[in-house]
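Topology and contacts: notes
One-letter residues, chain by chain:
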Amino acid sequence: MSSSASMDSSKQTMSPALQSSFDKLEDDDKLVDVPSRSLRSYLISSDVHDDDEKTRCASANLKKAQMLAEVANTTLKCANTGDLAERAARQASELDAQTTPKKPLHGVPVSIKESFAVTGQRSPLGLRELNEPTAPVALEDAAIFTLLRAAGAVPFARTSVPPLLNSTETNNPITGRCLNPHCHALTPGGSSGGEACLVASGASPFGVGTDFGGSVRVPAHFCGVSAIMVDTERRWRKWRRGCGGVHGALEMIDRAEPYTSLGFFAHTAVDLRLGVKALMEAATALDDDDGSGTSGMQWTPADIKRVGVVLPFDYDGSPPPVF
């Protein structure tokens, strides 16, 4: 988890240019409450609306997130909402029409790394060749979309990546250089840099990325958000299918998929716990429904007695000091 996990995102300082853009949006559209962009704020808003407003909760949440993401992308080059716009609106409308009990993440907009396959869409992975009209498109969604929908979340934006997901900064010839929302002279990290950037900007309350060699952990640290890289084995294995884009487009990415971990971003550790717990419960329910029983996910709170923190040191071959 990022060392910035306990930071309150509402008190973090964004760059003046980005803050000015958000301020103007808030003035132009009173729907957008800029200081309240955490996962908890979306869940709380679902509970406190009166009956008439509650029926529009998911659609209102989606509109708010889309507007924030579009403003953030203008400055930061971190995401696009167009690829998922139609299906997100359809899902939000379906959620608003439901009379059954709400799901844990009912109507919460969630951003997702561009490398995850989306039916009928290309996954360029930062390469011009895979963004051409003749490039292959996905025939089915990545498995994580099923899990997000089962929890009630609404995927609404795809976020920027470096070429081949192979850099600790996020810069590609299609979307350009992704900027750190706190200081535009700095990078947000990579390869899930667009995801960490969008969450840190406040445009997304919860994000999904992948991690092979630090691709979730590095951006979380650079952008000052909370994140977790989950294991690659039994509990999450089935839900990473399709995390490398269009199957067959690039053999090297296909070969790396079994060794890739899912990762999740949120503003705070509390938000991260809420989101991951909801997905684990949804995964268990889906496994029970199909009889596979492969997940076996149980939420067991950890009793952490001690946390190690690496201090600055000059490497001389000995272990670094911790406390």
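Cut-offs applied
Residues numbered from 1 in each chain as written. Predicted model: local features only at pLDDT ≥ 70, side-chain atom pairs only at ≥ 80, totals over all residues. Heavy atoms only, no water. Helix = DSSP H or I, 4+ residues; strand = E, 2+ residues; numbered from the N terminus. Buried < 20%, exposed > 50% of the residue type's maximum accessible area, 1.4 Å probe, protein only. Areas by Shrake-Rupley, 256 points an atom, 1.4 Å probe, with all protein chains shown as cover. Pairing = 2+ DSSP bridges. Right-handed = clockwise from strand over helix to strand, strands pointing away. Salt bridge = Lys/Arg side-chain N within 4 Å of Asp/Glu carboxyl O. Phe/Tyr/Trp six-rings, centres within 6.5 Å; stacked < 30°, edge-to-face > 60°. Lys NZ or Arg CZ within 6 Å of the ring centre and 35° of its normal. Core = buried A, V, L, I, M, F, W, Y, C linked by side-chain atoms within 4.5 Å. Contact = heavy atoms within 4.5 Å. Expected span 1.5 Å × (residues − 1). Bend = angle between axes of the 7 residues up to and from the residue. Polar contact = N/O pair within 3.5 Å; in protein donor to acceptor, adjacent residues only side chain to side chain.

**Focus: the overall build of the chain**
On a plain count of helices and strands, the chain comes out with ten helices and eight strands. Here the chain, with 323 residues, has 49% of them falling under the buried criterion. By element, 54% of the accessible surface of the chain is carried by carbon and sulfur atoms, the whole surface being about 15,300 Å².

**Some remarks on the pairing of strand β3 (residues 154-159)**
Of all the six residues making up β3, six are buried; the element is thus mostly covered by neighbouring parts of the structure. Judged from the five bridges that link them, strand β2 (residues 109-113) and β3 form a sheet pairing that is parallel. Among the inter-strand pairings, valine 110 is bridged to a residue of β3, identified as proline 155. Once the chain exits β2 it traverses helix α6 (residues 143-150) before rejoining the sheet at β3, and the crossover so formed is right-handed.

**Here's the deal with the pattern of salt bridges**
Summed over the entire model, instances satisfying the criterion amount to eleven salt bridges. In this structure, the salt-bridge partner of arginine 40 is aspartate 271, at a minimum N-O distance of 2.8 Å. Highlighted residues: arginine 40 in helix α2 (residues 39-48) and aspartate 271 in helix α10 (residues 269-290), separated in sequence by 231 residues. Between lysine 277 and glutamate 281 there is a salt bridge, and its shortest N-O distance comes to 2.6 Å. With lysine 277 and glutamate 281 both in helix α10 and four residues apart, this pair spans about one turn of that helix. Classification of lysine 277 by relative accessible area gives partly exposed; the value is 24%.

**What about the packing of aromatic side chains?**
This structure, assessed with the given rule, holds two aromatic pairs. Aromatic side chains phenylalanine 206 and phenylalanine 264 sit 5.9 Å apart centroid to centroid with 15° between the ring planes, which places their arrangement in the stacked category. Of this pair, phenylalanine 206 sits in strand β6 (residues 206-211) while phenylalanine 264 sits in strand β8 (residues 261-266), and the two are 58 residues apart along the sequence. By the ring-pair criterion, three or more aromatic residues cluster together here, those being Phe206, Trp236 and Phe264. The aromatic ring of tyrosine 42 is capped on one face by lysine 64, whose charged end is 4.7 Å from the ring centroid. The ring of phenylalanine 145 has arginine 87 sitting right over it, with the charged end atom 5.1 Å from the ring centre.

**Re α6**
Of the positions making up α6, those classed as buried are Ala143, Ile144, Phe145, Leu147 and Leu148. At the exit of α6 stands glycine 152, carrying a positive phi of roughly 95°.

**Let's talk about unusual backbone geometry**
Following glycine 190, the chain continues into serine 191 via a peptide bond in cis, with omega recorded as 10°. Along the chain, the position of serine 191 falls in the loop between β5 (176-177) and α7 (193-201). Look at lysine 77: it is not a glycine, yet its phi comes out positive at around 55°. Here lysine 77 lies in the loop between α4 (57-76) and β1 (79-80).

**Quick word on the nonpolar core**
If you look at the biggest cluster of nonpolar residues, it comprises 59 residues, and the most contacted ones within it are Ile144, Trp236 and Phe264. For phenylalanine 264, the residues in contact, after removing those within four places along its chain, are Ile144, Phe206, Gly207, Val208, Ser226, Ala227, Ile228, Val230, Trp236, Leu272, Val276 and Leu279.

**Section: helix α5 (residues 82-97)**
The first and last C-alpha atoms of α5 sit 24 Å apart over 16 residues, in line with the 22 Å expected at 1.5 Å per residue. Its axis deflected by about 30° at alanine 88, α5 carries its strongest bend there. All buried positions along α5 are accounted for by Leu84, Arg87, Ala88, Gln91, Ala92, Leu95 and Asp96.

**Things to note about the side chain of aspartate 211**
Mapped onto the elements of the fold, aspartate 211 is located in strand β6. Among the polar contacts made by the side chain of aspartate 211, one reaches the main-chain amide nitrogen of glycine 214 at a distance of 2.8 Å. Leaving out residues up to four positions away in the same chain, aspartate 211 has contacts with Val216, Arg217, Met229, Thr260 and Ser261.

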